[in-house]
Amino acid sequence: MMAMREGTDTPSRHGISQPVRRREDLRLLTGRGCYGDDVNMQGQAWAAFLRSDHAHGILRALDTEAARRAPGVIGVFTGEDLRAAGVGPQLRLPLRGFTLDRDVPTPRPALAQDRVRYVGEPIALVVAETAAQAADAVALIVAEIDPLPAVTDVEEAVAPGAPRLWPAAEDNMAIRWNSGGNPEIDRAFAGAAHVVEMRLVNSRLFASPIEPRSFVARHDSAADRLEWITPSQGSEYMLRVLCDQIFHVPDERIHIRTHDVGGGFGVKEQPYPEDIAVLHACRVVGRPIKWRASRSENMLSDSHARDAVIHAALALDEQGRFLAVRAHVLAAMGAYFACNGPNASIRNTSYGLPLVYRTPLSHTSVDCVMTNTQPIGPYRGAGREQAAYIVERLVEEAARRLGIDRVEIRRRNLIPAAAIPYKTPSGRLYDSGEFEAVLDKALALADWNGFPARRKASAERGLIRGQGLSCFLENVGGAPHEGAFIRFTEDGSVLLVVATQAQGQGHETTFPQIVADRLGLPYDQVVLKQGDSTDKPAGFATVGSRSTIMAGSALANTCTLVVEKGRKAAAHLLEVAEADIEFAHGEFRVAGTDRVIGLLDLAARLREAGPLPEDVPASLDSNGDYTAPDMHFPNGCHVAEVELDPETGRVTLVSYVAVDDVGTMINPMVVHGQVQGGVAQGLGQALMEHIRYDENGQFLTASLMDYALPRAGDLPTIETDFHPVPSPKNPLGVKGAGECGVTGSLPALMNAIADALAGAGADPLIDMPATPERIWRALRAAKV
Ligand code: MCN
């Protein structure tokens, strides 16, 4: 009988559940990483872009003559050139499984055609011998633009008389969707003992990865094949857009390679206008072309995130039990749909709405609104944080208004462990989870009940202390299929090939841990290969906290195939029946004997064996996959304590506790880091980050002088702990871990601030970011 080791009881120091140090870190921290800007090609030219300085206008004419004659210029490209060459516009990806009430396309050309719709929109591309010559020539292009009125605020965009971006999108709403007319929900609200209504803002952000986008590309004219070396979150996603929508070519004609990626967080998942224009130009000028964004240009060119105004309501009975929840999301999409713009609110928020609560009814409606701003794309959380924010702020407010203790109101409504598997009103089947145990663990760790003494101590120092919590759950996984290859190479190493792409998550460590564990192999000999579009299994990308669930499970399944092949081969070589072969700890053994062959020896023997009988595998190389039956549901409880300074309005986060259930942990150290990084990003959104435009649509926060990011000194020690309940849906028992830090922290932080404000007699309903000015004004209004 095959005896595969279970991950959790492995004696290996590098197996599943071991806190193995990230093997990529030494390389990355000692300057030996290879990021987009580290790659150069022989004879490369440089790209620079003319961008719109109008938020909205008719593009009457472009005079590129002087630029063409400028020193070093090799080519100048406009939207007309791209149109003439048949380069297609970027469209949004289909929203499978959703019936839209309105669906107006917003085709996004790589270089503006006829009209500009946001400040920073690329209008022309110059290719020159040097980056400076390209930039100088850009300054010589004259764009004749007739300005049109612009609108950048999502609520103003739907108001009567607002400037219209797309003629067919009445009220600037290009998509309208709702989760289904449900008279029951109206009755529940009408008959409820209490209804809590809130207007919430999911503030506009920029992901701010350390590495701005930077790439180099070339065209092999003999093979008519583009080679593009670029940061990405997975080449398949890029290929689907480039091959299917933009260039209309088969996959073999575009070769994408990604080396190290300095943070993605969602913004590096899709091809951008700069990518498309440069790829096209490579075909024309016959030279490799490089483009490197400055920090400001990066903020002007990558997708922004969030930007929604939500009207939400919770219906409760006399005892504070939840009867129904509903939310209407006015989701800004920018001037054009990003590939995955609408997905965050329509899918991820609506799927998540009841969170961990036994709420019989839920309803979500989403209007996707076009504004004269950069397109909105996914950013860590990607709508999951919005669901958590909606429900947890409602619950907190309900507790306050009904005078029920906020832990008690949650306990009354949590889905009990005994009720799982549990079907939610939004159609999800929760497969695992112990929500109350997670809550209890977080409360204990945070010394929840000791808060009054700490509040008193803060008050003695003139500070107002607040305590907040959030119980949350995420729907993660996305595209339900992922493949994996395992290859046994001549040098004795074992190569794992996946289609996902790490951007800092640590896959070079965690994926080999899975395979070393499952196959009983020396961890150091197991190596991950990612980032090459030509040599990879079918798969999608690293988005939606799906890589470990999807590619990790595909690897685990591939290990099973390796062992099956190995048993056949070992039986042949050891001259016994297959049924007599056992596998354990990396060895195939004839049961009850000391006749053994190691897995790696077996792989080597097969390589050297010459012709083998038909039923004996020629190698142990295997291709496996994993298909997820549904989403996965990581969940947690986070507790934050803040101090407000009434003199300055400054908010200080003084303690933070996160307890998460991410299922089986492959590498707890990595997961601690994932949660902590996410909490830091959550703190950024809750307290300071904010993309702002002025009333004419000028982008005011396009540099780190104007856009506030959290720094190490803004964070206390973040205490992270776990309550792992393995998911039965995949062979590893894992759930995603990449986004829970953000998702849990937004409501925990804002609830803590609301608690402090309410405790001081001020209005607790404050929006993100809770800047010193907003806090100060709220306290002043209450005469604190
Ligand atoms: N992990 C684990 N055990 C689990 C779950 C995860 O050990 N039960 C490990 C994984 O093996 C992986 C890491 O934790 O090393 C995150 O895993 P996972 O939850 O599968 O998420 P992905 O790898 O798919 O990463 C995507 C997720 C998202 S959606 C964003 S956005 C994000 C994030 O991860 N962007 C990041 N974390 C980031 N971290 C860094 N450093 N940089 C980014 O751009």
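From a predicted model like this one, the values you see are computed outputs, not experimental measurements. (Residues numbered from 1 in each chain as written. Predicted model: local features only at pLDDT ≥ 70, side-chain atom pairs only at ≥ 80, totals over all residues. Heavy atoms only, no water.)

**Considering the site of the ligand**
And then number 1: Residues in close proximity to the ligand total 32 residues, the closest being His507, Ser547, Thr548, Thr664 and Ala737.
And then number 2: Threonine 664 places a main-chain nitrogen or oxygen 2.7 Å from a nitrogen atom of the ligand.
And then number 3: For the ligand, a nitrogen atom lies 3.4 Å from a polar atom in the backbone of lysine 735.
And then number 4: Considering the ligand on its own, with 840 Å² of exposed area, one finds that the protein chains cover 95% of that surface.
And then number 5: Broken down by secondary-structure element, the contributors of at least two residues to the shell around the ligand are helix 15 (507-519), helix 16 (547-574) and helix 18 (668-688). (Near = heavy atom within 4 Å. Polar contact = N/O pair within 3.5 Å; in protein donor to acceptor, adjacent residues only side chain to side chain. Areas by Shrake-Rupley, 256 points an atom, 1.4 Å probe, with all protein chains shown as cover. Helix = DSSP H or I, 4+ residues; strand = E, 2+ residues; numbered from the N terminus.)

**Some words on the sheet that holds strand 21 (residues 494-498)**
And then number 1: Strands sit in the order 22-21-20-26 across an open sheet of four strands; the sheet is mixed. The two strands at the open ends of the sheet, each matched to only one other strand, are strand 22 (526-529) and strand 26 (622-627). When the angles between neighbouring strand axes are averaged without regard to direction, this sheet yields 25°.
And then number 2: Two elements, strand 20 (residues 481-488) and strand 26, share six bridges in a ladder whose sense is antiparallel. Note that in strand 26 the partner of isoleucine 486 across the bridge is serine 622. (Pairing = 2+ DSSP bridges. Axes fitted to C-alpha atoms, helices over the stretch in contact; angles between N-to-C directions.)

**Structural notes on the side chain of glutamine 681**
And then number 1: Along the chain, the position of glutamine 681 falls in helix 18.
And then number 2: A distance of 3.4 Å separates polar atoms of two side chains, one belonging to glutamine 681 and the other to tyrosine 379.

**Re the packing of helix 18 against helix 19 (residues 740-759)**
And then number 1: For the pair helix 18 and helix 19, the least separation of the axes is 7 Å and the interaxial angle reads 45°. Looking at the two axes, helix 18 sits oblique to helix 19. The two elements helix 18 and helix 19 cross, and the hand of that crossing is right-handed. Residue-level contacts link Val675, Gly678, Val679, Gln681, Gly682, Leu683, Gln685, Ala686 and Leu687 of helix 18 to Cys740, Gly741, Val742, Ser745, Leu746, Leu749, Met750 and Ile753 of helix 19.
And then number 2: Partitioned by chemical class, the residues of the contact of helix 18 with helix 19 number 11 nonpolar, six polar and no charged. (Parallel < 35°, antiparallel > 145°, perpendicular 65-115°, else oblique. Left-handed = near helix turned anticlockwise from the far one by under 90°. Contact = heavy atoms within 4.5 Å. Nonpolar A, V, L, I, M, F, W, Y, C, P; charged D, E, K, R; others polar.)

**Overview of the domain arrangement of the chain**
When the parts come together, some accessible area is lost, and that loss is often what is quoted as the size of the interface.
And then number 1: The domains assigned to the chain are domain 1 (11-33 + 478-627), domain 2 (37-151 + 219-292) and domain 3 (427-477 + 633-784).
And then number 2: Taken over C-alpha atoms, the centre of domain 1 sits 38 Å from the centre of domain 3.
And then number 3: On the side of domain 3, 20 residues touch domain 1, which itself brings 28 residues to the contact.
And then number 4: Each partner contributes to the roughly 1700 Å² buried at the junction of domain 1 and domain 3, and carbon and sulfur atoms together form 63% of this total.
And then number 5: Taken together, the connections running from domain 1 to domain 3 amount to 11 residue pairs in polar contact (both at pLDDT 80 or more). (Domains from an automatic or database assignment. Buried area = accessible area lost by both parts, 1.4 Å probe.)

**Topic: the sheet that holds strand 19 (residues 464-473)**
And then number 1: The strand order 19-27-28-29 describes an open sheet built from four strands, whose pairing is mixed. Each edge of the open sheet is held by one strand with a lone partner, namely strand 19 and strand 29 (718-722). For this sheet, the mean inter-axis angle between neighbouring strands, taken without regard to orientation, is 10°.
And then number 2: By the bridge criterion, 10 bridges tie strand 19 to strand 27 (residues 635-644) in an arrangement that is antiparallel. From the neighbouring strand, glutamine 467 faces strand 27, where its bridge partner is glutamate 641.
And then number 3: Strands in contact with helix 18 are strand 27, strand 28 (651-661) and strand 29; relative to strand 29, the strand with the most contacts, it is inclined by about 130°.

**Considerations on the environment of alanine 193**
And then number 1: Structurally, the position occupied by alanine 193 is in the loop between helix 6 (183-191) and strand 9 (194-202).
And then number 2: In this structure, the C-alpha to C-alpha distance between alanine 193 and isoleucine 141, residues 52 residues apart in sequence, is 65 Å.
And then number 3: For alanine 193, the residues in contact, after removing those within four places along its chain, are Leu316, Asp317 and Glu318.

**Some words on the environment of proline 231**
And then number 1: Its location among the elements puts proline 231 in the loop between strand 11 (225-229) and helix 7 (235-246).
And then number 2: C-alpha of proline 231 to C-alpha of methionine 669: the two residues are 438 residues apart in sequence and 25 Å apart in space.
And then number 3: In this structure, proline 231 is in contact with Gly36, Glu211, Ser214, Phe215, Met238, Thr258, Val261 and Lys268, ignoring residues within four places of it in sequence.

**Looking at the environment of cysteine 368**
And then number 1: Looking at where cysteine 368 falls in the secondary structure, it is placed in strand 16 (residues 361-370).
And then number 2: Each C-alpha atom of the pair cysteine 368 and valine 329 lies 8.2 Å from the other, and the pair is 39 residues apart in sequence.
And then number 3: Excluding residues within four positions of it along the chain, cysteine 368 makes contact with Asn172, Met173, Ala174, Ile175, Ala331, Met333, Phe337, Pro342 and Ile346.

**A closer look at unusual backbone geometry**
And then number 1: The linkage connecting isoleucine 420 with the following residue, proline 421, adopts the cis geometry, with an omega of 10°.
And then number 2: With respect to the helices, strands and loops of the structure, proline 421 is situated in the loop between helix 12 (406-413) and strand 17 (422-423).
And then number 3: The omega torsion across methionine 768 and proline 769 is -10°, close enough to zero to call that bond cis.
And then number 4: As for its placement among the helices and strands, proline 769 is situated in the loop between helix 19 and helix 20 (772-781).
And then number 5: Not every positive phi belongs to a glycine, and glutamate 575 is a case in point at roughly 55°.
And then number 6: Structurally, glutamate 575 is set in the loop between helix 16 and strand 23 (581-584).

**Overview of the packing of helix 10 (residues 343-352) against helix 11 (residues 384-402)**
And then number 1: It is the contact of helix 10 with helix 11, at a shortest axis distance of 7 Å, that shows an interaxial angle of 40°. In terms of their interaxial angle, helix 10 and helix 11 are classed as oblique. For helix 10 against helix 11, the interelement crossing comes out right-handed. In this structure, helix 10 contributes Ser345, Asn348, Thr349 and Gly352 to the contact, and helix 11 contributes Arg384, Gln386, Ala387 and Ile390.

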